[in-house]
Amino acid sequence: MSYLNQLKDRRVLVTGASGFIGRHVVEMGQAAGVDIHTLSRHSIDKLGITSWTGNLTDDNRIAEIITNLRPDGIIHLAAGGVAYGTGKAPDLLRVNTVGLGVLLETVTSLKLQPSIVIAGSGFEYAPQNRPLKETDPIAPPSAYGVSKAASTLLAQLYATQLPITILRLFSIYGPGEKEPRLTPYIIAQAQRGQPVEITAGEQRRDYTYVKDVAQAFWRALAIPPDNQQLRVLNVASGQTITLRDFIQAIADELSRYHITTDLRFGAKPYRPNELMNYTADISQLQDHLNWLPPTSLQQGLAEMVEEQL
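Residues numbered from 1 in each chain as written. Predicted model: local features only at pLDDT ≥ 70, side-chain atom pairs only at ≥ 80, totals over all residues. Heavy atoms only, no water.

In the annotation of an unreviewed UniProt entry, the chain is listed under the name NAD dependent epimerase/dehydratase family and assigned to Coleofasciculus chthonoplastes PCC 7420. Word for word, the UniProt comment on the chain under Sequence similarities (unreviewed entry) is "Belongs to the NAD(P)-dependent epimerase/dehydratase family." (UniProt positions renumbered as here; feature names shortened; annotations may be inferred.)

Colleague: In this structure, what is going on with the pattern of salt bridges? I would like to understand it.
Modeller: A side chain of one charge can pair with a side chain of the opposite charge if their charged atoms are brought near each other. Counted by the stated rule, this structure contains 15 salt bridges. A salt bridge links Arg23 to Glu307, with the nearest nitrogen and oxygen atoms 3.0 Å apart. Taken as a pair, Arg23 in helix H1 (residues 20–31) and Glu307 in helix H9 (residues 297–308) lie far apart in primary sequence, 284 residues in all. Look at Arg23 and you get partly exposed, because its relative accessible area is 31%. When its relative accessible area of 39% is taken as the criterion, Glu307 is described as partly exposed. With a shortest N-O distance of 3.0 Å, Arg205 and Glu274 are connected by a salt bridge. In this pair, Arg205 sits in strand S9 (residues 204–205) while Glu274 sits in the loop between strand S13 (263–265) and strand S14 (277–278), placing the two residues 69 residues apart along the sequence. Pair check on accessibility: Arg205 and Glu274 agree, each one buried. Sharing partners across several salt bridges, the network here consists of Arg23, Glu27 and Glu307. (Salt bridge = Lys/Arg side-chain N within 4 Å of Asp/Glu carboxyl O. Helix = DSSP H or I, 4+ residues; strand = E, 2+ residues; numbered from the N terminus. Buried < 20%, exposed > 50% of the residue type's maximum accessible area, 1.4 Å probe, protein only.)

Colleague: Looking at this model, I keep getting lost on the nonpolar core. Mind explaining?
Modeller: Side chains of nonpolar character tend, in soluble globular proteins, to be buried together. One finds Ile21, Phe217 and Trp218 to be the most contacted residues of the largest nonpolar core, which totals 45 residues. Only strand S1 (11–15), H1, strand S5 (115–121), strand S6 (164–169), helix H6 (210–222), strand S11 (231–235) and helix H8 (283–289) provide two or more residues apiece to this core. Among residues more than four places away in sequence, those in contact with Trp218 are Tyr3, Leu4, Leu7, Val12, Val25, Met28, Gly29, Val34, Ile36 and Ile75. Of all hydrophobic cores here, the second largest spans 26 residues; its members include Ile65, Leu104, Ala155 and Ile164. (Core = buried A, V, L, I, M, F, W, Y, C linked by side-chain atoms within 4.5 Å. Contact = heavy atoms within 4.5 Å.)

Colleague: Explain the sheet that holds S9 here, please?
Modeller: Across a sheet, paired strands are connected by hydrogen bonds in the backbone, their directions being either parallel or antiparallel. Reading across from one edge, S12-S9-S14 is the order of the three strands in this open sheet, with mixed pairing throughout. Looking at strand neighbours, the two that pair on one side only are strand S12 (241–242) and S14, the edges of this open sheet. Here two bridges tie S9 to S12, and the two strands are oriented antiparallel to one another. Each residue of the ladder has a partner; that of Arg204, found in S12, is Thr242. (Pairing = 2+ DSSP bridges.)

Colleague: Quick question: what am I supposed to make of the sheet that holds S1 here?
Modeller: Reading across the sheet, the seven strands line up as S3-S2-S1-S4-S5-S6-S11 and stay open at both edges, with parallel pairing between neighbours. Every interior strand has two partners, whereas the edge strands, strand S3 (50–53) and S11, have only one. Strand-to-strand twist in this sheet, taken as the mean axis angle between neighbours without regard to direction, amounts to 20°. Summarising the sheet, strand S2 (residues 35–40) and S3 pair through four bridges and their orientation is parallel. Bridge pairing links Ser40 to Thr53 in S3. Against the sheet, helix H2 (residues 59–69) engages S1, S2 and S3, with an angle of about 155° to S3. Each of S1, S2, strand S4 (73–76), S5, S6 and S11 is contacted by H6, which is oriented at about 145° to S5, the strand it contacts most. (Axes fitted to C-alpha atoms, helices over the stretch in contact; angles between N-to-C directions.)

Colleague: For this particular structure, what's the right way to read the environment of Ile44?
Modeller: Positionally, Ile44 belongs in the loop between S2 and S3. With 27 residues separating them along the chain, Ile44 and Ala17 place their C-alpha atoms 8.4 Å apart.

Colleague: Can you walk me through the packing of aromatic side chains in this structure?
Modeller: Working definition: an aromatic ring pair is given by the centre-to-centre distance plus the angle between the planes. Applying the stated criterion across every chain, the model contains eight aromatic pairs. Relative to Tyr209, the ring of Tyr173 lies with its centre 5.6 Å away and its plane at 50°, an arrangement referred to as tilted. You can see Tyr173 sitting in strand S7 (residues 171–173) and its partner Tyr209 sitting in strand S10 (residues 207–209), a full 36 residues away along the chain. Centre to centre, the rings of Tyr207 and Phe246 are 3.7 Å apart; their planes meet at 0°, and the pair counts as stacked. Pair noted here: Tyr207 is in strand S10 and Phe246 is in helix H7 (residues 243–255), with a separation of 39 residues, a long-range link. (Phe/Tyr/Trp six-rings, centres within 6.5 Å; stacked < 30°, edge-to-face > 60°.)

Colleague: Help me understand the side chain of Ser121 in this model?
Modeller: Of note, Ser121 is situated in strand S5. A polar atom in the side chain of Ser121 sits 2.9 Å from the backbone nitrogen of Phe123. Contact partners of Ser121, with chain neighbours within four places excluded, come to Tyr144, Lys148, Leu167, Arg168, Leu169 and Tyr278. (Polar contact = N/O pair within 3.5 Å; in protein donor to acceptor, adjacent residues only side chain to side chain.)

Colleague: Before we go on, may I ask you to explain helix H5 (residues 182–192) in this structure?
Modeller: Think of an α-helix as turning once every 3.6 residues; residues three or four places apart then point the same way. The buried count for H5 comes to eight of eleven residues, which makes it a mostly enclosed element. Inspection of H5 places Thr183, Pro184, Tyr185, Ile186, Ile187, Ala188, Gln189 and Ala190 among the buried residues, and these make up the whole buried set. Contacts from the buried residues of H5 go to S7, strand S8 (196–198), H7 and H9. Once H5 finishes, Gly193 follows within two positions and takes phi at roughly 75°, a positive value.

Structure (structure tokens):
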């Protein structure tokens, strides 16, 4: 992790540190000697980090924290509505957009210049029948996508004053993932000896290992944009796979532990407005960070299944 050498002993604030991705971001930063500070509604009891509590929409509390902390970098992962279909648009805009606005306005008003990396989403794009590019139209098909797209527009406003990167994340899997997300659901159902009822699985997806996603955040923080423009990068593996083949790969890994998975493809209908293609073009990720996610699907699933069992 030589790219992290420049961040050793530097003060970095991580929001959403207790979440699926946040856990791995924090662990990776700690291993590199970064001075990690977390911001969440509840205190995080973890050795070696400083935990700040507060609500991102509380202007006074955020101003107090940032004034005292004066971070060298910020990784913003906190978000509502990540699970499919959860949250209504007004609530998601309040958490995902207003909360980010308070954070960026506070940093700007204090005339600080931290490198900032924000978790965006592939759901910001208008659906396409091909890998999505950063230059594609923004027309979110969900309330969550709307809130993240609004956050991107907000970040664009502040990017003339701050070095900001948006990482648009696609499908992610790995250790620490919880039900009802797909991968842990399949593993748990197999362990319980119960059938896995799913769609026909014709959807095309791009699954990225969570530790590679965490690495993308640190790389983007260590290599900020070199102009006063918002940098937007897709983060995915660059490998398209049908959902059916992804699920079969999980079942194959479970079979190594003599666990049989009763897969029932077609038992459930597709969701309304199902995205049949949710894949990414990641050429800009390579161009800007000189890096691509290295973990193969087989390796990532092996590590996840080993932890879950």
